[in-house]
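For reference, the chains in residue letters:
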Amino acid sequence: MKTKIIREDCIACGNCNAICPDVYDYDEDGIAYCIVDNNEMKDEILEKYYSLVLEAQENCPTEAVYVEED
Ligand code: SF4
């Protein structure tokens, strides 16, 4: 599984970081990004985070959490 934030769609609500802070953080403007690989969709997410990543995706109000499953 890989994930990134579609940053132009993020409205800085904070949900993804609240749900899965080991995968999502936000910059000084509050716009989220994936901290695992600096939002570049290069690195696989550890399996232990899969359910939280999907929960973050479900709870993003603008569908800005992009997830690519294997
Ligand atoms: S849940 Fe969506 S809108 Fe909210 S901070 Fe994360 S990416 Fe941005």
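Located above this text is the structure these notes cover.
Summarised in this report is the structure supplied together with it. (Residues numbered from 1 in each chain as written. Predicted model: local features only at pLDDT ≥ 70, side-chain atom pairs only at ≥ 80, totals over all residues. Heavy atoms only, no water.)

1. So, empty space enclosed by the protein
Basically, it comes down to this: Cavity: a set of points on a 1 Å grid over the protein atoms alone where a 1.4 Å probe fits but cannot get out. Pocket: an open set with protein on both sides within 12 Å along at least five of seven lines, its lining residues, like those of a cavity, having an atom within 4 Å of a point. Grid points are joined across faces, edges and corners, and a volume is the space filled by probe spheres set on the points. Here the nonpolar group is Ala, Val, Leu, Ile, Met, Phe, Trp, Tyr, Cys and Pro; Asp, Glu, Lys and Arg are the charged ones; every other residue, Gly included, is treated as polar.
Going through the model one piece at a time under the given rule, you end up with 1 cavity of 30 Å³ or more. Taken as a whole, the largest cavity holds about 100 Å³ of empty space. The wall of the largest cavity is formed by 16 residues, among which C10, C13, C16, A32 and C60 lie closest to the centre. Classifying every residue of the lining of the largest cavity gives 12 nonpolar, 4 polar and no charged.

2. Observations regarding the site of the ligand
The condition that has to hold: Consider each residue's heavy atoms; a residue with any of them within 4 Å of a molecule or strand counts as near. Criterion for pocket placement: a molecule counts as inside a cavity or pocket if more than half of its atoms are within 2 Å of its grid points.
Neighbouring the ligand are I5, C10, I11, A12, C13, G14, N15, C16, A32, C60, T62 and A64. According to the grid-proximity analysis, the pocket containing the ligand is the largest cavity. For the shell around the ligand, the class distribution of residues is 9 nonpolar, 3 polar and no charged.

3. Here we look at unusual backbone geometry
Using the following cut-off: The cut-offs for exposure are 20% and 50% of the maximum accessible area for each residue type, with area from a 1.4 Å probe on protein chains only; residues under the lower value are buried, those over the upper are exposed, and the others partly exposed. Comment: elements are numbered from the N terminus, with helices defined as DSSP H or I runs of at least four residues and strands as E runs of at least two.
One non-glycine residue, N39, lies in positive phi territory at about 65 degrees. By relative accessible area, N39 is classed as buried at 16%. Within the chain, M41 stands out as a residue other than glycine whose phi angle is a positive 55 degrees. Within the secondary structure, M41 is located in the loop between β3 (32-34) and α2 (50-58). On the basis of relative accessibility, which here comes to 16%, the residue M41 falls in the buried class.

4. Looking at the environment of C16
What counts, and what does not: Contacts are assigned to residue pairs that have any heavy atoms within 4.5 Å of one another.
Structurally, the position occupied by C16 is in helix α1 (residues 15-19). Overall, C16 belongs to the buried group, its relative accessible area being 10%. Remark: the alpha-carbon pair of C16 and K4, spanning 12 residues in sequence, is separated by 11 Å. If we ignore the near neighbours within four places in the chain, the residues touching C16 are I5, P21, Y24, A32, A56 and V65.

5. Looking at the side chain of N39
By secondary structure assignment, the location of N39 is in the loop between β3 and α2. The contacts of N39, once residues within four sequence positions are left out, are K4, I5, R7, Y33 and C34.

6. Quick word on the pairing of strand β1 (residues 2-5)
Selection criterion: Following DSSP output, two strands are said to pair if at least two bridges run between them.
Alternating positions in β1 separate cleanly, T3 and I5 being buried on one face and K2 and K4 remaining unburied on the opposite face. Pairing of β1 with strand β4 (residues 65-68), which is carried by 4 bridges, proceeds in the antiparallel orientation. Following the sheet pairing, K2 is matched in β4 by E68.

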